[in-house]
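What the coordinates show
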Amino acid sequence: LVFRVLEWQPDAILVYDNVNDYRVRTYANFDNAYFHWRRVWAGFAGEFRPAKDDMADGINAFIQQAAPKEKSDKAANVKRAGTWAFRRNVTSMVAIAQAFGVKPVLVGFVCHRQDQYADEVFLAGVDEQNDVLRDVAKVRGALYVDLAPQYPTGGAYWVDAVHNNAAGAKIKARLIADALLAGLL
C-alpha cells in the first residue's frame, strides 16, 4: 500500500477484500501472517514453482501454497481462526491511507449465494468478513459500500460462487460508482 499505491497520491483507495481472507481461515494450519497460504513472490517468472493441485493454473501457482493434503473440519478451522487477523489487516490499510490523507472506501463482498460451492460455512464466513469491513469503516470513519442489498440475486451475473461475469461486473461497478459519488464527492 505505502510503496505501490500511496506514492501515486490518490484521492481515495477502494478495498474490495473478503473471500481470499476468508479462505485462509479454512486451513487447519492457519497463520495470522497468511504464510500458510500465500507464497512470497517478488514478481519474477524465475521464481515459478509449478503446483500439482487445483491451484496449478493462473496467478495462483505464483502466489498460493498448495492446499494441505490432510482433511480437516472447515467450520472448526474458520471458528478457531476467527476474524481478528482480517480486522488487523483492514484496520492497518485504512489507518495508513488516512495518515496519508487518502479516503479509504471499504466495499462489502457479494457472492452468488445459491452456487453449489457456497455452503453454509462459506456464506457465514463471508458475512463475518463483511461485518468486520462494516465495523472498521464505522470506527475509522471510512465509507462502507454495502453491495448485497442492491446486487441482483441468482446465477445470471456469475461464472461461479465468487466471480462475476461481464454483466455482473458492470452492475457492481455502477453500484460502487454511485456510492462513491454519494459518499465522497
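See above for the structure.
Residues numbered from 1 in each chain as written. Predicted model: local features only at pLDDT ≥ 70, side-chain atom pairs only at ≥ 80, totals over all residues. Heavy atoms only, no water.

A closer look at the side chain of Lys172
The test is simple: Labels follow the DSSP assignment, with helices taken as runs of H or I lasting at least four residues and strands as runs of E lasting at least two, numbered in each case from the N terminus. For the exposure calls, accessible area comes from a 1.4 Å probe over protein chains only, and a residue counts as buried if that area is under 20% of its type's maximum, exposed if over 50%, partly exposed in between. Here the positive residues are Lys and Arg and the negative ones are Asp and Glu; neither His nor the chain ends is included. Each reported salt bridge corresponds to a side-chain nitrogen of Lys or Arg within 4 Å of a carboxyl oxygen of Asp or Glu. Here a residue-residue contact requires only that any non-hydrogen atoms of the pair lie within 4.5 Å.
Residue position: Lys172 is located in helix H6 (residues 166-184). Within the buried set, Lys172 has no salt-bridge partner at all; the shortest N-O distance to an opposite charge, 9.5 Å, is to Asp160. Setting aside residues up to four positions removed in sequence, Lys172 forms contacts with Tyr16, Val110, Leu147, Tyr151 and Asn164.

Structural notes on the pattern of salt bridges
Per the stated rule, a full pass over the model turns up seven salt bridges. For Asp135, the salt bridge goes to Arg87, with nearest N and O atoms at 2.6 Å. Here Asp135 is found in helix H5 (residues 120-140), whereas its partner Arg87 is found in helix H4 (residues 84-99), with 48 residues between them in sequence. In this structure Asp135 comes out as partly exposed when scored by relative accessible area, which is 31%. For Arg87, a relative accessible area of 31% translates into the label partly exposed. Across the salt bridge formed by Asp146 and Arg134, the nearest N and O atoms sit 3.7 Å from each other. With Asp146 in the loop between strand S3 (143-145) and H6 and Arg134 in helix H5, this pair connects stretches of sequence that are twelve residues apart. For Arg134, a relative accessible area of 33% puts it in the partly exposed group. A cluster of three or more residues bridged by salt bridges with shared partners is formed by Asp131, Arg134 and Asp146.

Side note on H6
Definition in use: Each residue after the first adds 1.5 Å to the expected span of a helix. The directions from the helix axis to the C-beta atoms are what the arc is built from. Two N or O atoms form a polar contact when they lie within 3.5 Å of each other; inside protein one atom must be a possible hydrogen donor and the other a possible acceptor, and for residues adjacent in sequence the pair counts only when both atoms belong to side chains.
Across its 19 residues, H6 extends 26 Å between first and last C-alpha, which sits within 8% of the 27 Å expected from 1.5 Å per residue. What H6 keeps buried is the set Gly168, Lys172, Leu175, Ile176 and Ala179. The buried side chains of H6 occupy one side of the element, clustering within an arc of 95° when seen end-on. Opposite the packed face of H6, turned more than 90 degrees from it, sit the exposed residues Ala166 and Lys170. On its buried face, H6 sits against strand S1 (12-15), strand S2 (103-107) and S3. By the N-cap criterion, in which a side-chain oxygen at the helix start approaches the backbone nitrogen of a residue two or three places on, H6 is capped by Asn165, the distance to Ala167 being 3.1 Å.

Description of the nonpolar core
Quick reminder of the rule: Side-chain atoms within 4.5 Å link the members of a nonpolar core, which is a set of buried Ala, Val, Leu, Ile, Met, Phe, Trp, Tyr and Cys residues.
One finds Phe86, Val90, Val94, Leu106, Leu133 and Val136 to be the most contacted residues of the largest nonpolar core, which totals 20 residues. Of the residues forming this core, the biggest block, five residues, is contributed by H4. Residue contacts for Val136: discarding those within four places in its chain leaves Arg87, Val90, Thr91, Val94, Leu106 and Gly141.

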